[in-house]
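Remarks on the overall topology
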Amino acid sequence: MSAVGEPQYVRRSELIEMFEGDAEFVDDLAAQFTAQCRVALNDMNDALAARDLSRVSRLAHALKGSVAYFDPGYGQAILRTIERISPDQPERLRSLVNALETRMERLTRHLAVAFPRPAASFAIH
Amino acid sequence: MTIPDMAVTPVHHIAMVSCLNCRSYFDAVAAPFCGCIARERTFTCPHCAGCACNASYGQRESFAAGIPPVLNERRRRERAEGIGRLQATKPGMVQRPFALIVDDDPLVLVVAERAVRAAGYSTIVTRSPEEAFVIAEALVPDLVLTDALMPLLDGRELCRRLKNSELTKNVKVIVMSALYRGIIHRNRAFKEFSVDEFLSKPIKPAVLRDALDRLLPRVAQARLHFSELQVAS
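Note that the coordinates shown come from a computational prediction; the quantities given were computed from them, not determined experimentally.

1. A few points about the overall build of chain B
A count of helices and strands for chain B gives eight helices and seven strands. Viewed in the frame of its principal axes, chain B has a C-alpha envelope of about 75 × 55 × 30 Å. When each of the 233 residues of chain B is scored for burial, the buried share is 37%. Across chain B, every contact between residues at least 6 apart in sequence was considered, and the portion connecting residues at least 24 apart equals 60%.

Encoded structure:
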């Protein structure tokens, strides 16, 4: 049993089981998610600054599918709320995006520790 | 007196990359694109003549994220010409079974492409549903796997368009959704949009493979037969 408020991120072993034992693929996926998440959060902040609330909603929708693999509970719930929020609540949206940033920062820190970085498949020199 | 055209003066850049197949280094700026039927072709290694089209969508995107501007420009041109090239391709030239995968989330594309390839399909992935319709009409895939809610064109609407087109009416379509998960949405997808299968996200490889095997049993049988041959030999 877990304490209230304790992060419920997915375990590496659960993902490896889901992807039929392919640990390398799972670690690669975690690295890609970390990079994608950073870009999506930056885009979300830019959209908020530009008061483009429908873009924030679209970005939340696009990120939700990926978050479902790593943070299927809390993280996905925040994104679902952002996606569905009415455009006439910009202050609430700002708070939700802040909460999402904090959650994703913790998640990516967890991924960096729990999922070893795979070797690069391509290299540029 | 004429002024020399400075724009045509070549500026030499090199970008050494290591081949995914033979690991040798080569200059990607000078390397030609491969001859694969792909949304975006990759460079041909001068040492082994291999390309990176078999790399996953994620690997290709990671590679593209780190390339220098001179290569990025080549990639931009290749992307711009890609649709026209595919439209000029005859459906008979595509390696079958062939699946077209559409999602605006790159990570879902990575997962779906891996599962579909593992089931024995060749794949083209795209993030644009409108582009997907053009590719589907040109290449007539055996299967289209699409997200439901996407900007510009809903995946279920894409399915309806495919089913209404004389060219693609027999293409099997699987729609995936994280939003429309309830039974009402599921029934509506089957009745109103004529989808062949409706899956909830996150997509699990085993669930997707079961759906593929149900919709295209011939492919599943061929895969089974091939694995039996491998065991026997």
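2. Let's talk about the interface of chain A and chain B
Each partner contributes to the interface: chain A provides 22 residues, whereas chain B provides 26 residues. Breaking the side of chain A that touches chain B down by element, the ones donating at least two residues are α2 (23-49) and α3 (53-70) of chain A. Considering each element in turn, the side of chain A that touches chain B owes the most residues, eight residues, to α3(A). Counted by class, the side of chain A that touches chain B contains eleven nonpolar, seven polar and four charged residues.

3. A short note on the nonpolar core
Residues and elements named next belong to chain B. Ala 112 and Val 144 are the most contacted members of the largest nonpolar core, which totals 77 residues. Residues contacting Ala 112, with those up to four places away along its chain left out, are Ile 101, Asp 103, Leu 145, Ile 203 and Leu 208. Counting eleven residues, the second largest nonpolar core, distinct from the first, contains Phe 43, Cys 45, Ala 52 and Leu 71.

4. Comments concerning the domain arrangement of chain B
Residues and elements named next belong to chain B. Considered domain by domain, chain B is made up of domain 1 (14-88) and domain 2 (92-233). Here the C-alpha centre of domain 2 lies 25 Å away from the C-alpha centre of domain 1. In this assembly, ten residues from domain 1 lie in contact with 15 residues from domain 2. By residue class, the composition of the side of domain 1 that touches domain 2 is five nonpolar, three polar and two charged.

5. Quick look at the sheet that holds strand β5 (residues 143-147) of chain B
Residues and elements named next belong to chain B. Strand order in the open sheet formed by five strands is β4-β3-β5-β6-β7, with parallel pairing between adjacent strands. Each edge of the open sheet is held by one strand with a lone partner, namely β4 (122-126) and β7 (197-200). Across this sheet, the average inter-strand angle for adjacent strands is 20°, counted without regard to direction. Relative to β5, strand β3 (residues 98-102) runs parallel, the two sharing four bridges.

6. Section: the confidence of the model for chain A
Residue and element names in this part refer to chain A. Across chain A, the average pLDDT comes to 87, with 88% of residues at or above 70. When mean pLDDT is taken per element in chain A, helix α1 (residues 12-18) scores highest with 95 and α3 scores lowest with 92. Low confidence marks residues 119-125, where pLDDT is under 50. Its contacts with residues over four positions away, or in another chain, come to 15 contacts.

7. Overview of α3(A)
All names here are of chain A. Helix length check: α3, at 18 residues, gives a terminal C-alpha distance of 25 Å against a target of 26 Å (1.5 Å per residue), a fit within 8%. At Lys 64, α3 shows its maximal kink, close to 40°. Counting buried positions along α3 yields 14 of 18 residues, so the element is predominantly enclosed.

8. Points about unusual backbone geometry
Residue and element names in this part refer to chain B. A cis geometry characterises the amide bond from Arg 96 onward to Pro 97, with omega recorded as -5°. The omega torsion across Lys 201 and Pro 202 is 0°, close enough to zero to call that bond cis. In this structure, Ala 49 takes a positive phi of about 65° despite not being glycine. When you line up the elements, Ala 49 lands in the loop between β2 (25-27) and α1 (57-65). The class for Ala 49 is exposed, based on 11 C-beta atoms found within 10 Å. In this model, Ser 194 sits at a positive phi of 60°, which is unusual for a non-glycine residue.

Thresholds applied
- Here, residues in each chain are numbered from 1, in the same order as that chain's written sequence.
- For naming, the first written chain is A and the first written ligand is 1, with later ones following in the order written.
- Per-residue local features are limited, in this predicted model, to residues with pLDDT of at least 70; the limit for side-chain atom pairs, both in listing and counting, is 80 or more; totals at the level of whole chains, interfaces and linings are taken over all residues.
- Helix and strand definitions here come from DSSP, where helices need a minimum of 4 consecutive H or I residues and strands a minimum of 2 consecutive E residues; each element is numbered from the N-terminal end.
- Whether a residue is buried, exposed or partly exposed follows from its count of other C-beta atoms within 10 Å of its own C-beta, namely 20 or more, 12 or fewer, or something in between, respectively; the C-beta atoms are built from the backbone.
- Distance between backbone-placed C-beta atoms decides contact: two residues are in contact if it is within 7 Å.
- Ten residues, namely Ala, Val, Leu, Ile, Met, Phe, Trp, Tyr, Cys and Pro, are considered nonpolar, four, namely Asp, Glu, Lys and Arg, are considered charged, and the remaining ones, Gly among them, are considered polar.
- Put simply, a nonpolar core is a cluster of buried Ala, Val, Leu, Ile, Met, Phe, Trp, Tyr and Cys residues tied together by C-beta atoms within 7 Å.
- Residue ranges for the domains originate in an automatic or database domain assignment.
- Whether two strands pair comes down to DSSP finding at least two bridges between them.
- Lines are fitted to the C-alpha atoms to define the axes, a helix being fitted only along its stretch in contact, and any angle between axes, read from their N-to-C directions, falls within 0 to 180 degrees.
- Predictor confidence is given residue by residue as pLDDT, running from a minimum of 0 to a maximum of 100.
- By definition here, a helix of n residues has an expected span of 1.5 Å times n minus one.
- Bending is quantified residue by residue as the angle between axes fitted to the seven-residue window ending at that residue and the seven-residue window starting at it.

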